[in-house]
Amino acid sequence: MSEERASVDIEMVQEALRKSEERYRSLVEATSQIVWNTNALGEFADEQLNWSIFTGQSSAELKGWGWLNAVHPDDQAHTAAAWSAAVASRTMYEVEHRLHRYDGEYRYMSVRAVPVSEPDGSIREWIGVHTDITDKKRAEEALKETEHRYTQILDSVQDMIFCKAPGSVVVYANKAACSYYGMTLEELHGITDVPFNEIDYTQQYIQDDLKVFATGEVVEVLEEPNRRADGEIRFFHTIKSPIFDTEGNVVQIVGVSRDITDGKRTKEARDRALAEAQVARAELHRVFMQAPAAIHISRGPTHITEVANPIYLQIVGNREVIGKTAREAFPDLAGQGFFELLDQVYATGQPFVGKEMRALFDRNGDGILEESFWNFVYQPLLDANAQVYGIMTHAVEVTEQVLSRKEIEKKAEELSQLTLALERSNKDLEQFAYVASHDLKAPLRGISSISGWLEEDLADTLTEESREHLNLLHKRIQRMENLIDGILQYSRAGRMQTSEMVDVAALLAEVIELIAPPAETVIMIEPGMPKLLTERVPLQQVFMNLIHNALKYALRPDVRVVVGVKQVGKYFEFSVADNGPGIAPEFHHKIWGIFQRLEARDQIEGTGIGLSVVKKIVETRGGVVKLESKVGAGSIFSFTWN
């Protein structure tokens, strides 16, 4: 009986212990706290019921430093270090770590412990408490993750997003805003605006912010200027919205600013282009109506007239054309190919250019078809889909030009015939000059021979007067021969020859050598003589005549001749200057005529042909001859040569 009672008592005690343990565990779980104590050395010495209930450690397992095994392995080192430091310094112990719960889960704990002192100041024990902060930790981590996620979302947005506290103080700015201002979030935090912005802009921002804080209403700014970090002013569409607390008070505002600068510039450019297009359209219409050419626009495959300028209407005799097809408006053009050309241009989309095309139509409304000639273009007009919808005609009447050209062509043919006749005449004249020269020189040579024989045969009996007569006869014969040679030379002066590269300096040296001037004569050739692609012989004749005349008519022993050159446009102007007696101005034109002389032949021998040959050679080749001279100051003969 006593054994049964003892067994019942043991079961009752065990049940009481189980219920007590469950009650303590429930108490621990309900309070989320574990209260514990250690000896002065910081070691668990007594039974720690709360600790054992939470961790599942037995009294034997937790004694001393055994409690550390219930701490998460990753947290044991810093926990032990913090506890050892607190015990050694006898200061408050504070740490966070993860603690193993009886069900195997690690819970986050906030741990605090303080030393309990004896009256003598020695440490009697340590009292500590573990507070379960797992839910708080998880909430913080969840909040942190949410904040990170939303930060990433906001940073991925291209618009600038910012939050401001009362007083327009920046508390948040996304990546786009930081990049725009060239500042970090930390640098932006706590300021009202960036320092480089315009003061007027900043004041307007603050006024808009104040309105949101005061009214709790959204403020929208359609075009807000803002200076970027690089100094450029850009424009934004900004919306500022209030953020309320649980009591309905505005605690912050959030702003979203979208850069509309490029769109604004595009719109401005589009508006400018539209305005310019309208001006151009008006100008085009003015030009269209005032153009000196006939302009006509038709639409559709039957070429219905839509617009015709005044010149066009005047040309067609002011007949009714608007709203009519080409064939209805111009029946008199049937069979002349114009309608077919219009059809072709409309069908192919290829323009047609007509030059001097003949047209017969009634221009005056009197039924008489008049002939006219036209330069015109049939230009296809294309719509937005590159499809032909009409044709623009641009026409200029060239009747007078065509008739004039035909007349010119007729005259040109007549001139060609005259030129051929002149060429034949020149050949005949040249042949005649050659034959005449030969036939005229033959009797002169006979007279010269006979006079020579007489002078030889009668050398002993001739009187002085007879000798003078014979000398005069010889001079007259020589003069006649020179005259015949001059006439032949003049007839050939205009004949064109083959061009070759001519060194003018070398050519002048040859001329001087051929003339063979007296030793006391000075002939200077100035530097800079060009090399020309020209006719050698005619240029040589010109220089020879001018230099020879300068020497012959100088009438002084110290003759000085200077040959110079300068470039005048595409020509070279050559000059031959002498220190002779000069020529009076009234004779400047006379000397260029054939057979014209200023001195008697008995004073200075000559034919009077040389300068006329020079003039003919130069002018035949497009040049000009001129003379600068006055009596007693020498002469300068000059000519241009291409």
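Definitions and limits used
Residues numbered from 1 in each chain as written. Predicted model: local features only at pLDDT ≥ 70, side-chain atom pairs only at ≥ 80, totals over all residues. Heavy atoms only, no water. UniProt positions renumbered as here; feature names shortened; annotations may be inferred. Phe/Tyr/Trp six-rings, centres within 6.5 Å; stacked < 30°, edge-to-face > 60°. Helix = DSSP H or I, 4+ residues; strand = E, 2+ residues; numbered from the N terminus. Lys NZ or Arg CZ within 6 Å of the ring centre and 35° of its normal. Salt bridge = Lys/Arg side-chain N within 4 Å of Asp/Glu carboxyl O. Buried < 20%, exposed > 50% of the residue type's maximum accessible area, 1.4 Å probe, protein only. Axes fitted to C-alpha atoms, helices over the stretch in contact; angles between N-to-C directions. Left-handed = near helix turned anticlockwise from the far one by under 90°. Contact = heavy atoms within 4.5 Å. Nonpolar A, V, L, I, M, F, W, Y, C, P; charged D, E, K, R; others polar. Pairing = 2+ DSSP bridges.

- As recorded by an unreviewed UniProt entry, the protein carries the name histidine kinase and is attributed to Mojavia pulchra JT2-VF2.
- We quote the UniProt Catalytic activity (unreviewed entry) comment for the protein here in full: "ATP + protein L-histidine = ADP + protein N-phospho-L-histidine."

## What to know about the packing of aromatic side chains
The geometry of an aromatic ring pair is captured by two quantities: the separation of the ring centres and the angle between the planes.
Next, step 1: A complete count under the given rule lists 20 aromatic pairs for this structure.
Next, step 2: Seen from their ring centres, Tyr312 and Phe330 are 6.4 Å apart, and the 90 degrees between their planes marks the pair as edge-to-face. With Tyr312 in helix α10 (residues 310-315) and Phe330 in the loop between α11 (326-329) and α12 (338-348), this pair connects stretches of sequence that are 18 residues apart.
Next, step 3: Here a set of aromatic residues connected by ring pairs shows up, and it is made of Trp36, Phe44, Trp51, Trp65, Trp67, Trp83, Tyr93 and Trp126.
Next, step 4: Taking NZ or CZ as reference, Lys264 lies 4.8 Å from the ring centre of Phe235, over its face.

## So, the pattern of salt bridges
Next, step 1: For the structure shown, the criterion picks out 38 salt bridges.
Next, step 2: For the salt bridge of Arg405 with Glu356, the shortest nitrogen-to-oxygen distance reads 2.8 Å. Here the residue Arg405 occupies a position in helix α13 (residues 399-457), and Glu356 occupies one in strand β12 (residues 352-362), the gap between them amounting to 49 residues.
Next, step 3: The salt bridge partner of Lys626 is Glu573, with a shortest N-O separation of 3.7 Å. Highlighted residues: Lys626 in strand β20 (residues 625-629) and Glu573 in strand β19 (residues 571-578), separated in sequence by 53 residues.
Next, step 4: With a relative accessible area of 36%, Lys626 lands in the partly exposed category.
Next, step 5: Of the residues examined, Glu573 reaches a relative accessible area of 15% and is grouped as buried.

## Regarding the packing of helix α16 (residues 536-552) against helix α17 (residues 610-620)
Next, step 1: Remark: α16 packs on α17, axes separated minimally by 9 Å, with the N-to-C direction vectors making an angle of 145 degrees. Considering the relative orientation of α16 and α17, their crossing is left-handed. Across from Pro538, Gln541, Val542, Asn545, Leu546 and Asn549 in α16, the residues of α17 making contact are Gly610, Leu611, Val613, Val614, Ile617 and Val618.
Next, step 2: Of the residues that constitute the contact of α16 with α17, the class distribution is eight nonpolar, four polar and no charged.

## Remarks on the sheet that holds strand β2 (residues 93-100)
By way of backbone hydrogen bonds, the strands of a sheet pair with one another, either parallel or antiparallel.
Next, step 1: With antiparallel pairing, the four strands of this open sheet are ordered in space as β1-β4-β3-β2. Strands with a single pairing partner mark the edges of an open sheet, and in this sheet they are β1 (33-39) and β2. This sheet shows a mean twist of 25 degrees between the axes of neighbouring strands, independent of strand direction.
Next, step 2: With eight bridges connecting them, β2 and strand β3 (residues 106-117) associate as antiparallel partners. In the strand pairing of β3, Val95 is matched with Val111.
Next, step 3: This element, helix α4 (residues 76-89), spans β1, β2, β3 and β4 (123-132) of the sheet and lies at about 145 degrees to β2.

## Quick notes on the pairing of strand β13 (residues 369-382)
Moving residue by residue along a regular strand, the side chains alternate between the two faces of the sheet.
Next, step 1: Summarising the sheet, β12 and β13 pair through nine bridges and their orientation is antiparallel. Bridge pairing in β13 links Ala359 to Ser372.
Next, step 2: Between the end of β12 and the start of β13, which pair antiparallel, lie six residues, with Gly365 showing a positive phi angle near 70 degrees.
Next, step 3: Where β13 lies against strand β14 (residues 388-397), nine bridges are found, and the strand directions are antiparallel. From the neighbouring strand, Leu381 faces β14, where its bridge partner is Gly390.

## Notes on unusual backbone geometry
Next, step 1: Not every positive phi belongs to a glycine, and His303 is a case in point at roughly 60 degrees.
Next, step 2: Along the polypeptide, His303 turns up in the loop between β10 (294-299) and β11 (304-308).
Next, step 3: Of the residues examined, His303 reaches a relative accessible area of 1% and is grouped as buried.

## Some words on the sheet that holds β20
Next, step 1: Strand order in the open sheet made by the five strands is β16-β18-β19-β21-β20, with mixed pairing throughout. Every interior strand has two partners, whereas the edge strands, β16 (522-525) and β20, have only one. Taking the axes of each pair of neighbouring strands and ignoring which way they run, one obtains an average angle of 20 degrees across the sheet.
Next, step 2: In this sheet, β19 lies alongside strand β18 (residues 560-568) in antiparallel orientation, the contact comprising eight bridges. In the strand pairing of β19, Val561 is matched with Asp578.
Next, step 3: Across the sheet, helix α15 (residues 504-515) is in contact with β16, β18 and β19; its angle to β16 comes to roughly 165 degrees.
Next, step 4: Here α16 sits on the sheet in contact with β16, β18, β19 and β21 (635-641), set at roughly 175 degrees to β21.

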